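Residue strings, one per chain:
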Amino acid sequence: QVQLVESGGGLVQPGGSLRLSCAASGFTSDYYAIGWFRQAPGKEREGVACISSSDGSTYYADSVKGRFTISSDNAKNTVYLQMNSLQPEDTAVYYCALAERSYGCALYQYHYDYWGQGTQVTVSS
């Protein structure tokens, strides 16, 4: 069965950085997409960034452009989210998600088939 495991969350001061990891296993599709989503208390889940294995293309939400970078290590089936210049409004549970047999990616939650359990990111002084 498909499993997604997030790691790397924690507490960081404003202006600091964190690197999240998403380790994926149990899927056999040649093409796929991985997305990062986040959900803050009392708010709807929102897309943050995604990456497609077909051509390596990426897409970012406007709120994180220039601060966050998504990348992948295909040999390890792992996707990373480098988060710089973190702000309190970035505080949320961050989830990774997998879309199998995908030739592109989108920041749309219903595009994805499998989800991890999430990792907490807290930005505070």
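Reference entry: report on the structure contained in this document. The model shown is predicted, which means the values in this text are computed figures rather than measured ones. (Residues numbered from 1 in each chain as written. Predicted model: local features only at pLDDT ≥ 70, side-chain atom pairs only at ≥ 80, totals over all residues. Heavy atoms only, no water.)

1. A word on the packing of aromatic side chains
Two measures describe an aromatic ring pair: the distance that separates the ring centres and the angle between the ring planes. Using the criterion set out here, one finds six aromatic pairs in the structure. Between the aromatic rings of F27 and Y32, the centroid separation amounts to 5.2 Å while the plane-to-plane angle is 70°, which identifies the pairing as edge-to-face. With a centroid separation of 5.3 Å and 80° between ring planes, the pair formed by F37 and Y112 is classed as edge-to-face. Of this pair, F37 sits in strand 4 (residues 32-39) while Y112 sits in the loop between strand 9 (92-100) and strand 10 (114-115), and the two are 75 residues apart along the sequence. With respect to class, F37 is no different from Y112; both count as buried. In this structure, R19 packs its charged tip against the face of Y80, placed 3.9 Å from the ring centre. (Phe/Tyr/Trp six-rings, centres within 6.5 Å; stacked < 30°, edge-to-face > 60°. Helix = DSSP H or I, 4+ residues; strand = E, 2+ residues; numbered from the N terminus. Buried < 20%, exposed > 50% of the residue type's maximum accessible area, 1.4 Å probe, protein only. Lys NZ or Arg CZ within 6 Å of the ring centre and 35° of its normal.)

2. Overview of the state of the cysteines
By the definition in use, this model includes two disulfides. What pairs with C22 in a disulfide is C96, and their sulfur atoms sit 2.1 Å apart. Judged by the sign of its S-S torsion, about 65°, the cystine formed by C22 and C96 is right-handed. Of this pair, C22 sits in strand 3 (residues 18-25) while C96 sits in strand 9; the two residues are 74 residues apart in sequence, bridging distant segments of the chain. (Disulfide = S-S within 2.5 Å.)

3. Side note on the nonpolar core
Judged by nonpolar contacts, the single largest core of 30 residues is most densely connected at W36, V48, F68, I70, L81, M83 and Y94. Elements with a minimum of two residues in this core: strand 3, strand 4, strand 5 (46-52), strand 7 (68-73), strand 8 (78-83), strand 9 and strand 11 (119-123). Among the nonpolar cores identified, the runner-up in size contains six residues, and A33, F37, A97 and A99 belong to it. (Core = buried A, V, L, I, M, F, W, Y, C linked by side-chain atoms within 4.5 Å.)

4. Concerning the pairing of strand 5
Burial analysis of strand 5 places six of its seven residues in the buried class, the great majority of the element. Here six bridges tie strand 4 to strand 5, and the two strands are oriented antiparallel to one another. Pairing of R38 across the sheet is with E46, part of strand 5. Between strand 4 and strand 5, which pair antiparallel in sequence order, lie six residues; one of them, G42, sits at a positive phi of approximately 75°. (Pairing = 2+ DSSP bridges.)

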